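# Architecture and fold: a report
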Amino acid sequence: MSSSDTLSQRAAQSVAAPASSGSATVCGAEHPLFAAAPDSVNFRKLRKRLVREVRQTMSDYGMVREGAKWLVCLSGGKDSYALLAVLADLKWRGLLPVELVACNLDQAQPGFPAHVLPEFLERHGIEHVIERRDTYSIVTEKVAAGQTYCSLCSRLRRGHLYRIAREQGCEAVVLGHHREDIVETFLLNFFYGGRMAAMPPKLLNEDGDLILLRPMAACAEKDLARLSAALQFPIIPCNLCGSQDGLQRQKIKDMMAAWEQEQPGRTQIMFRALANARPSHLLDTGLYDFASLAPGEANGPAGADGDCGAALSMVSRLLP
């Protein structure tokens, strides 16, 4: 295919719509995404809670740089719809001084309703780009029978999203991962990967030119489901990974659900633990200098009272 054909194909694959002209200064107005919102106390509490959690996460991790441009990834699932709604709500109120561009990567999965998202975004006046790339064929061809598609599918999708972000002049790619996603990823790495790692709310990509953001890191999945249902978003299920049985992540989901049923609040406790690491009480010699510890040293390990200020001070000197 010639370069001119490629450019023509890309132009045909991408659809842009003008950004909404609304602002927080319009008294009593709502962003179009909230036009069908229920007039109920429960919904207002839900909305307020999600807005508060997202604002707190953005503040804690220094996500917002005034005048920046964000590529907000929209898959058609409940989580990404909720992400778009909360960010649009904040921007509408004048609380998020960045430019938002919604983006859907159509991965050419059979039966994918390609008209749903463009029509939805245009109807609500949201600036967006839609691009079709057949990663489905690559994944089904490369992954052996009985293996899961998620890893390769995710890598291919992420590569295209980074490229689109650069083409759109964005400095951040924004994803809709929530609290349960983060805890599940930690447990997957813990049980199957032999490492302690999760999904950070803010991450610099390998090339160092884009920031990956997860503003809904502290939001509960059930709250996002409630928001999406209340606002009647046209949910598009993923028929690729959803068609596979025995996924490790699904096993983790089931296990967490059982834990939560047995002891409500356990997921939130695990989530808080990820932000309360104590290197001196773990086993990673790359994070803590165990070898140099000696009785009477001022920089000894944190005591039984849990005060790890000295330990963290040592870690700060060890890290590059």
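Structure first, text after, so check above.
It should be emphasised that the depicted structure is a prediction, and the values quoted were computed from it without experimental measurement. (Residues numbered from 1 in each chain as written. Predicted model: local features only at pLDDT ≥ 70, side-chain atom pairs only at ≥ 80, totals over all residues. Heavy atoms only, no water.)

Let us look at the environment of His-31. Residue placement: His-31 occurs in the loop between α1 (3-13) and α2 (41-60). His-31 sits 57 residues away from Ala-88 along the chain, and the two C-alpha atoms are 7.1 Å apart. Residues within four places of His-31 in sequence aside, it is in contact with Ala-88, Trp-92, His-124 and Ile-126. (Helix = DSSP H or I, 4+ residues; strand = E, 2+ residues; numbered from the N terminus. Contact = heavy atoms within 4.5 Å.)

A separate point is the environment of Ala-230. Following the sequence through the fold, Ala-230 ends up in helix α8 (residues 221-230). Judged by its relative accessible area of 18%, Ala-230 is buried. It is 8.1 Å that separates the C-alpha atoms of Ala-230 and Ala-36, two residues lying 194 residues apart in sequence. Setting aside chain neighbours within four positions, we find Ala-230 in contact with Ala-36, Pro-38 and Phe-43. (Buried < 20%, exposed > 50% of the residue type's maximum accessible area, 1.4 Å probe, protein only.)

Taken together, the six strands give an open sheet; going across it, the order is β3-β2-β1-β4-β6-β5, and neighbouring strands pair in mixed fashion. In this open sheet, the two edge strands, each paired with only one partner strand, are β3 (128-132) and β5 (202-204). Between one strand and the next, the sheet's axes are offset by a mean angle of 25 degrees, whatever the strand orientation. For strand β4 (residues 172-174) and strand β6 (residues 211-213), the ladder comprises three bridges, and the chain directions are parallel. If you follow Val-173 over to β6, its bridge partner there is Leu-212. Strands β1 (69-73), β2 (99-106) and β4 of the sheet are contacted by helix α3 (residues 78-92), whose axis makes an angle of about 150 degrees with β1. Helix-sheet contacts for helix α4 (residues 116-123) involve β2 and β3, and the interaxial angle to β3 is about 170 degrees. (Pairing = 2+ DSSP bridges. Axes fitted to C-alpha atoms, helices over the stretch in contact; angles between N-to-C directions.)

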